[in-house]
Each structure stands twice: as C-alpha cells, then as structure tokens.
Amino acid sequence: MYLYILKYDIKKMRMELHDFDKMHKTIMRMFKSNRKEEGVLFYNDEKDQVIFLQSINKPNVEACTGFSVVHSEEINYDECIEDDEIDIEIHVNPVKTDVIKSKEKNSSRKMLITDSYEKENWVIRKMLESGATVKKIYKEIQTSCYIAKDGVKSRELGISTFILRVRIDDRDKFIEACKNGIGQQKSYGSGLMLPFVIL
C-alpha cells in the first residue's frame, strides 16, 4: 500500500472542492482501474489544504494538474501486532437507517448521525467490527463536503474525523479495515483509517 500527501492549488481545484464527485473523478485519473480494485481511499484536510491518498498502486500524480507531492511512503500494515494499543485517525461518514412508514409501504433511508453520543457509539461498534476495541476517544472534528452527482442538486455529506486509542483484538480484521476503509461514501473522502504507528 502507498500513502501520498498531496498539496492542492485552491484556484485550480475550485470545482473539485465544491463537488466531491468531481474530486473523486479527478483523483481516479491517477489510476488505471476503478476505486475498489486500486484500493483508493482519500481524505481532504481543509486546514492544511492537502489530500491524504492511500492506494494499492502508486498514483500517477502528474496525470492531474493542481496537485503536488508533499510526502509519500510505502505502508506495511503487516507491522500491526495483535493486543497492541495504538493511536489511529479515522475519517468516516456516520449514518443510521431511518425507517419511513406509510400506508402503502415502509421504506428506509440513511440519515447522518449528529448526536455526539450516538456518533461515539457508532465508532465503537465499527471498530469492533474492524477487529479493535476503542480504549479512548481523544477528539472529534466535524467537516463537510458537497456532492452534485450527475447534475443533481448539491447535497452535503458530513465527515467526522476521530482520533482514537484502540487495542488490536483481531489482527487480520484490523489490517483489512486499514486497507479497505470503514463505513460508507468511500468515493467522497470517507473511510480512511490511519494508524499513527505506521506514519
């Protein structure tokens, strides 16, 4: 796996920053195949104006104007050890299923979790599914991005960044989550999980 930190030019990337469907398509120009096969996960750090980009293969950064490489490294997640306690940073889109009842039929939709307590419980549950127990939640940072896919009116997508201390209970599950991401909306800057011990 590779991790790249890419600085972006706000003027050149203005369209992408206002529509993360365009951001996704721009980033995928760096790769030969689709997001899932290339193992692409990314996160937009608005404060430092950089993209954290993880992938199986090296990205061809030169294929996209507006990006410059700040840092790159090869990541070996096999270094993760069972029963170790490490600090990690995750970028996720915490949602819950909301059931809509009507006379005709019941339907459901995904709703963003906004309550802090609910979000923390969501994170704890997702980490357990990923082979780790949350020992401490240091902090949460809430950000947003916007998607206007296929000409549809722009909608807001909430991204929560959590910094956690976790104990690795199931090494294989944890490594799989590091490689494949957690939660939904992975095409739009969610799902990336970075163990600090790796960086």
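Structure shown above.
Notes on the structure in this doc start here. (Residues numbered from 1 in each chain as written. Predicted model: local features only at pLDDT ≥ 70, side-chain atom pairs only at ≥ 80, totals over all residues. Heavy atoms only, no water.)

Observations concerning the pattern of salt bridges
Consideration 1: The final tally for this structure, using the stated rule, is ten salt bridges.
Consideration 2: A salt bridge links Arg165 to Glu85; its shortest N-O distance comes to 3.8 Å. Placement of the pair is Arg165 in strand 9 (residues 155–168) and Glu85 in strand 5 (residues 85–92), with a sequence separation of 80 residues.
Consideration 3: Since its relative accessible area comes to 26%, Arg165 is described here as partly exposed.
Consideration 4: For the salt bridge of Asp172 with Arg171, the shortest nitrogen-to-oxygen distance reads 3.9 Å.
Consideration 5: Classification of Asp172 by relative accessible area gives exposed; the value is 55%.
Consideration 6: Linked through salt bridges whose partners overlap, the residues forming this network are Asp78, Arg171 and Asp172. (Salt bridge = Lys/Arg side-chain N within 4 Å of Asp/Glu carboxyl O. Helix = DSSP H or I, 4+ residues; strand = E, 2+ residues; numbered from the N terminus. Buried < 20%, exposed > 50% of the residue type's maximum accessible area, 1.4 Å probe, protein only.)

As for the sheet that holds strand 9
Consideration 1: What the four strands build is an open sheet, ordered 8-9-5-10; its pairing is antiparallel. Edge positions in the sheet fall to strand 8 (132–147) and strand 10 (193–195), since each has one partner strand and no second. On average, adjacent strands in this sheet sit at an angle of 15° to one another, irrespective of strand direction.
Consideration 2: As paired strands, strand 5 and strand 10 are joined by three bridges and run antiparallel to one another. Residue pairing for strand 10: Ile88 is matched across the bridge by Pro195.
Consideration 3: Of the strands in this sheet, strand 5, strand 8, strand 9 and strand 10 touch helix 4 (residues 116–129), which is tilted by about 115° from strand 8. (Pairing = 2+ DSSP bridges. Axes fitted to C-alpha atoms, helices over the stretch in contact; angles between N-to-C directions. Contact = heavy atoms within 4.5 Å.)

A few points about the nonpolar core
Consideration 1: Counting residues in each nonpolar core, the largest one holds 55 residues, and the members touching the most others are Leu53, Phe67, Ile90, Met127 and Phe174.
Consideration 2: For Ile90, the contacting residues outside a window of four places in its chain are Val123, Met127, Ser160, Thr161, Phe162, Leu164, Ile182, Leu192 and Met193. (Core = buried A, V, L, I, M, F, W, Y, C linked by side-chain atoms within 4.5 Å.)

What about the packing of aromatic side chains?
Consideration 1: This structure, assessed with the given rule, holds one aromatic pair.
Consideration 2: Look at Phe20 and Phe42: their rings are 6.2 Å apart centre to centre, the planes differ by 20°, and that puts the pair in the stacked class. Note that Phe20 is positioned in helix 2 (residues 20–28) and Phe42 in strand 2 (residues 41–45), a separation of 22 residues in sequence.
Consideration 3: Exposure remark for Phe42: the relative accessible area of 2% places this residue in the buried category. (Phe/Tyr/Trp six-rings, centres within 6.5 Å; stacked < 30°, edge-to-face > 60°.)

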